[in-house]
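Observations on the three-dimensional arrangement
Spelled out from the first residue to the last, the chains are:
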Amino acid sequence: MTTATKKHAHLLGFIQHGVNSHATGMWRHARDKVEWNFARPEYWQHMARTMERGLFDAMFIADELAPYNTHEDSSDAIVKWAVQCPTHEPSTIVPIITGATKHLGVGVTLSTAFEHPYSMCRRLSSLDHLSSGRVAWNIVSSYSKSEWDAYGQKMTDRSGRYERLEEYMELCYKLWDSWEPGAIIADKASGIYADPEKVKVVSHEGKYYKCNGRHFCAPSPQGRPVLWQAGSSGQGRDFAAKHAEAIFAVHPTVERMKGYASDLNERLSGTYNRAPGSVKLIYGLQTVVAETRSEAQEKYERIRACIPPEGALAWMSGHFGLDFSKFEPDAIVQNIEVPGIQGLFDSIIYAKGGAPVTVKEAAMIYAQGMGMPVAIGTAADIADQIEHYMDEGGADGFMLAATYTPGCFEEFVDLVVPELQRRGRLRTRYQGTTLRENLLEH
Ligand SMILES: Cc1cc2nc3c(=O)[nH]c(=O)nc-3n(C[C@H](O)[C@H](O)[C@H](O)COP(=O)(O)O)c2cc1C
């Protein structure tokens, strides 16, 4: 492969609007948020500028709507060990991030469970305007019981959630597509702003939603946000293959990545008449980089030492919807269907290449970064691993899970980005103006 024909990696910084992201216990690391406060705009402006300096496609803001409460039927351990808690509302930081940058996109996780499609579309169209077309929506439907409890509703099972989500999307598309080209006239002399003939009234009466009204926002630069999805169950993969423009997954081994890529491509072309490769496959990756391998290994050990075992177990219980406090620590985790995030559960089952994994081991692996592979070493080591996942695992890009912030992203941008560029694996400038244009680049 020549440098010109090599696929470029799409990079996303995977974080949360909270004191801790996806590496449990990181808030207590000596290098975490030194002189930064996650609840202040300056922190997000700095994170955004750092990612833009590294020519990332976007910042990916993960979210959940309430502290998990599966572990011992309580959210005590979640609160105690800062397991994705506190977490602030994610869309509030989008204009701060896009206001501090010119090219960086933002993918915001918003659940469909408790919000009507009408206000969801309005919010996302507004954000797309304010960012000049740099917004993506990570579509989720609330897999966690704690969210349903917090909103005072009875939880729907996976199949019910996906059925409802289908109708949700149908209504969203109707709203986003309801302003026809040429609808805005803006003729000051006559005083006519828009042609009502070209702004359709959306009338929808379905099993789950009703709507009778016009979309309240003028067409945004991207028309609709870039659609992201991370469902990994059979139904989740079908939903992603039908709707998503980028799909997120965590696979601990290259064999699992390969299997996932071919499964997804089959669904795309076989069932949904979409070209294989037309949807970007973005895999989770955690990196620990240093000038030497031994220094990187030491850094990694310091990161692991921050993980609180009880918090780890509580997090796993929250994500998978099973109370792991009821299991013996040395029991083997069985490959079963879980009520929570099935795809991430697989990352535990295959964490040791298919060899049995105990509950205790699973918790520590998971708490480190949701079962993502961890690339530890020099910039060249990490670039080798990235190239391997792209060439052998079908990855189009990576969601880089935060360890200590903003340091982990500064180090990645300073050390790994130039190495990837030297190898022709990363853009040297942004080509497009919208997130969709940048994400769809080869
Ligand atoms: C990499 C990855 C990131 C995810 N991030 C979130 C998130 O931030 N918020 C959320 O509610 N669900 C998140 N999920 C959950 C899924 O989007 C999906 O709702 C969940 O996996 C249940 O669907 P499934 O059973 O088809 O996997 C994530 C899943 C994966 C694999």
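Quantities reported herein were computed from a predicted structural model and do not represent experimental measurements. Starting from 1, residues in each chain are numbered consecutively following that chain's sequence as written. Per-residue local features of the predicted model are confined to residues with pLDDT of at least 70, and side-chain atom pairs are confined, for both listing and counting, to 80 or more; whole-chain, interface and lining totals are unaffected and use all residues. As a rule here, side-chain values come from all non-hydrogen atoms in the structure, and water together with hydrogens is ignored.

Notes on the site of the ligand
- Taken together, 19 residues lie around the ligand, and Asp63, Arg158, Tyr162, Ser232 and Ser233 are the ones closest in.
- The contact in question runs from an oxygen atom of the ligand to an N or O atom on the side chain of Arg158, over 2.7 Å.
- Ser232 has a polar backbone atom sitting 2.9 Å from an oxygen atom of the ligand.
- Compared with its free state, where it exposes 620 Å², the ligand has 96% of that area covered by protein.
- Runs of H or I in DSSP of at least four residues are treated as helices and runs of E of at least two as strands, each being numbered from the N terminus. Where the shell around the ligand is concerned, the elements lending two or more residues are α6 (158-176) and α11 (342-349).
- Sort the elements by how many residues they give to the shell around the ligand and α11 lands first, with three residues.
- Classification convention: Asp, Glu, Lys, Arg as charged; Ala, Val, Leu, Ile, Met, Phe, Trp, Tyr, Cys, Pro as nonpolar; all other residues, Gly among them, as polar. Residue composition of the shell around the ligand, by class: nine nonpolar, eight polar and two charged. A molecule or strand has a residue near it when one of that residue's heavy atoms lies within 4 Å. Within 3.5 Å is the distance limit for a polar contact, defined as a pair of N or O atoms, with the added protein rule that one can donate a hydrogen and the other accept it, and that residues adjacent in sequence qualify only through two side-chain atoms. A 1.4 Å probe and the Shrake-Rupley method give the accessible areas. Residues count as covered only by the protein chains that appear here.

Observations regarding the UniProt feature "binding site: FMN" (unreviewed entry) in the chain
- When the UniProt feature table is mapped onto this chain numbering, "binding site: FMN" (unreviewed entry) sits at Asp63, Thr109, Tyr162, Ser232 and Ser233.
- Checked against the element boundaries, Thr109 lands in strand β3 (residues 105-111).
- Accessibility here uses a 1.4 Å probe with only protein chains present; expressed as a share of the type maximum, an area under 20% marks a residue as buried, one over 50% as exposed, and anything in between as partly exposed. Note on Thr109: relative accessible area 4%, which makes it buried.
- A polar contact of 2.7 Å, which involves the side chain of Thr109, links it to the backbone oxygen of Ile61.
- For Tyr162, a relative accessible area of 14% puts it in the buried group. UniProt positions are given in the numbering used here, feature names are shortened, and annotations may be inferred rather than shown by experiment.

As for the side chain of His243
- As for its position among the elements, His243 is in helix α7 (residues 234-243).
- Of the polar contacts made by the side chain of His243, one reaches the side chain of Tyr173; its length is 2.7 Å.
- For His243, the contacting residues outside a window of four places in its chain are Glu166, Met169, Tyr173, Leu227 and Arg274. Contacts are assigned to residue pairs that have any heavy atoms within 4.5 Å of one another.

Brief notes about unusual backbone geometry
- Pro86 follows Cys85 through a cis peptide bond whose omega is 0 degrees.
- Of note, Pro86 is situated in the loop between α2 (76-80) and α3 (94-99).
- At the junction of Thr405 and Pro406, the peptide bond is cis and its omega measures out at -5 degrees in the coordinates.
- Within the secondary structure, Pro406 is located in the loop between β13 (397-401) and α14 (407-422).
- Positive phi, normally seen in glycine, also occurs at Lys33, with a value near 45 degrees.

Focus on the pairing of strand β8 (residues 210-213)
- Burial along β8 is one-sided: Cys211 and Gly213 are buried, and none of Lys210 and Asn212, which face the opposite way, are.
- Two strands pair if DSSP finds at least two bridges between them. Of the strand pairs in this sheet, strand β7 (residues 202-205) and β8 are connected by four bridges, and their pairing is antiparallel. Among the inter-strand pairings, Ser203 is bridged to a residue of β8, identified as Asn212.
- Connecting β7 to the antiparallel partner β8 that follows it, the hairpin turn spans four residues.

Section: the UniProt feature "domain: Luciferase-like" (unreviewed entry) in the chain
- The feature "domain: Luciferase-like" (unreviewed entry), as given by UniProt, occupies residues 39-393 in the numbering adopted here.
- Here residues 39-393 runs as 42% helix and 15% strand, with 37 Å between its end C-alpha atoms.

Remarks on the pattern of salt bridges
- Each reported salt bridge corresponds to a side-chain nitrogen of Lys or Arg within 4 Å of a carboxyl oxygen of Asp or Glu. On inspection of all chains with the given rule, the structure shows 31 salt bridges.
- With its nearest N and O atoms 2.9 Å apart, the salt bridge here joins Arg237 to Asp263. On the criterion of sequence distance, the pair formed by Arg237 in helix α7 and Asp263 in helix α8 (residues 254-271) is long-range, its members being 26 residues apart.
- With a relative accessible area of 13%, Arg237 lands in the buried category.
- Here Asp346 makes a salt bridge to Arg256, at a shortest N to O gap of 3.8 Å. Residue Asp346 is found in helix α11, and its partner Arg256 is found in helix α8; the two are separated by 90 residues along the sequence.
- Given the relative accessible area of 15%, Asp346 is considered buried.
- Several salt bridges share partner residues, and in doing so they unite Asp384, Glu387, Asp391, Glu419, Arg422, Arg423 and Arg425 into one network.

Regarding the environment of Ala62
- By the element assignment, Ala62 lies in strand β2 (residues 58-62).
- C-alpha of Ala62 to C-alpha of His103: the two residues are 41 residues apart in sequence and 20 Å apart in space.

Side note on the packing of aromatic side chains
- Any two rings among Phe, Tyr and Trp, with Trp reduced to its six-membered ring, count as a pair given centres within 6.5 Å; such a pair is stacked if its planes are under 30 degrees apart, edge-to-face if over 60, and tilted if neither. By the definition in use, this model includes 21 aromatic pairs.
- Plain terms: the ring middles of Tyr162 and Phe239 are 6.0 Å apart, the flat faces sit at 45 degrees to each other, and that makes the pair tilted. Here Tyr162, found in helix α6, pairs with Phe239, found in helix α7; they are 77 residues apart in sequence, far enough to count as distant.
- By relative accessible area, which is 3% here, Phe239 ends up buried.

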